[in-house]
Amino acid sequence: MRSHPPTPNNLPEPIRDRLRGYISDGRNQRTESCSDVFLYTHPLKSGLILKTRDVRLRPQEPDLLAETVALTWLQDKLPVPEYRCFHVEGDIQYLLMTQLEGVTGIHPDVTDDPAHLVREFARGLREIHALDIGSCPMDWRMSRFFQWSADLIDGGVFDDRIPAGGTRDGLREELDAIKAALPEEEDLVFTHGDYCLPNVLFKDGELTGFIDLGFAGVGDRYLDFVSASWTIQRNLGEEWISPFFRAYGLEHPDREKMGTWQSVFEFIFR
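Treat the numbers as computed from the prediction; the structure is a model and nothing was measured.

So, about the overall build of the protein. Across its full length, the protein carries 9 helices and 10 strands. When its C-alpha atoms are laid out on the principal axes, the protein stretches across 55 × 50 × 35 Å. Within the span of the protein, comprising 270 residues, buried residues form 46% of the whole. The contacts of the protein with a sequence gap of at least 6 include a subset with a gap of at least 24, amounting to 68%. Accessible area for the protein stands at about 13,500 Å²; split by element, carbon and sulfur atoms hold 48% of it. Of note, the protein has its 29 positive side-chain charges centred 5 Å away from the centre of its 45 negative side-chain charges.

This is the structure:
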């Protein structure tokens, strides 16, 4: 993994051309993802964000092509970065997009008022879930989600979890048991896919933008509920989960369903 920004000399030409006149301070803003993230600034223009990803690393993490498709579809629908360029060279994906103003939902300026934060966080999720999914090309319905998971098993991504003498059949059985525990009927909406506090931006106390959309698409709204609950517990405390759901408009979420979807996430991302 790079610990410094790609220099103009080693960037592919399509990316290099769009970064003429821009500079980076050298800080890799990567969080828990395997994508490297660098901010490029210009004295007269708005900043640009360059994400790079080695496709050989952790196939269960978001793909930058998927994020490019999501950003393109979401323009004029949600406050998201504007896509500038996507390029692949060898095993490296490059995604260049505009920088959104604001600080993330884990910034001290935001977390010092957790009551207001969870209300805004819930409002943002309502806005996402209210989108018309009729023309959405990104699919994370249950059938797609579990087929993707099965493909990861078949591709050997989780082989390190197989006990000595075991086979991938054990992993397949574990995944089948999780799928069987979910209700057959899905509550389909447009989902962010990783609705966590680091993936929303705030300005002047209001939620103003959404980032990291590699898993965005049509799916069960509980996909986002699981991520939201996890990030609230981690960053604010478990006592703020119920206020979040009340602000969203759901007094009694289906805890059993949330637990099952949590099992899906733990299976894939642990």
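Further remarks concern the nonpolar core. Core analysis: the biggest nonpolar cluster contains 63 residues, and Phe-121, Phe-145, Phe-190, Tyr-195, Phe-244 and Trp-261 have the highest contact counts within it. Those residues within four positions of Trp-261 in sequence are excluded, and the remaining contacts are Phe-145, Phe-146, Leu-182, Asp-220, Tyr-222, Leu-223 and Val-226. Listed in part, the 12 residues of the second largest apolar core include Leu-11, Tyr-22, Tyr-40 and Leu-96.

Moving on: helix α6 (residues 168-181). Under the 1.5 Å per step criterion, the end-to-end length of α6 is 20 Å for 14 residues, consistent within 8% with the ideal 20 Å. Among the residues of α6, Leu-171, Leu-175 and Ile-178 are the ones counted as buried. Burial along α6 is one-sided: seen end-on, the buried residues are contained in an arc of 55°. Opposite its buried face, α6 presents the exposed residues Glu-173 and Ala-180, each directed more than 90 degrees away. Its buried side turned inward, α6 meets α5 (142-154) and α9 (255-269).

Let us now look at the sheet that holds strand β2 (residues 36-41). Pairing is antiparallel across the open sheet formed by 5 strands, whose spatial order is β1-β2-β3-β5-β4. Of all strands in the sheet, those bounded by a partner on one side alone are β1 (23-24) and β4 (83-89). With 6 bridges joining them, β4 and strand β5 (residues 92-98) adopt antiparallel strand pairing. Following the sheet pairing, Val-88 is matched in β5 by Gln-93. Contacts from helix α2 (residues 64-74) reach β3 (48-54), β4 and β5, with the element oriented near 25° to β5.

Take the state of the cysteines next. According to the stated counting rule, one finds 0 disulfides in the structure shown. With no disulfide of its own, Cys-136 has Cys-196 as its nearest cysteine by sulfur position, at a separation of 19 Å. Relative accessible area serves as the criterion here: at 14%, Cys-136 is assigned to the buried category.

Rules of the game
- Residues numbered from 1 in each chain as written.
- Predicted model: local features only at pLDDT ≥ 70, side-chain atom pairs only at ≥ 80, totals over all residues.
- Heavy atoms only, no water.
- Helix = DSSP H or I, 4+ residues; strand = E, 2+ residues; numbered from the N terminus.
- Buried < 20%, exposed > 50% of the residue type's maximum accessible area, 1.4 Å probe, protein only.
- Contact = heavy atoms within 4.5 Å.
- Areas by Shrake-Rupley, 256 points an atom, 1.4 Å probe, with all protein chains shown as cover.
- Lys, Arg positive; Asp, Glu negative; His and termini not counted.
- Charge placed at Lys NZ, Arg CZ, Asp CG, Glu CD.
- Core = buried A, V, L, I, M, F, W, Y, C linked by side-chain atoms within 4.5 Å.
- Expected span 1.5 Å × (residues − 1).
- Arc of directions from axis to C-beta.
- Pairing = 2+ DSSP bridges.
- Axes fitted to C-alpha atoms, helices over the stretch in contact; angles between N-to-C directions.
- Disulfide = S-S within 2.5 Å.

Any functional reading would require information that these geometric values do not contain.
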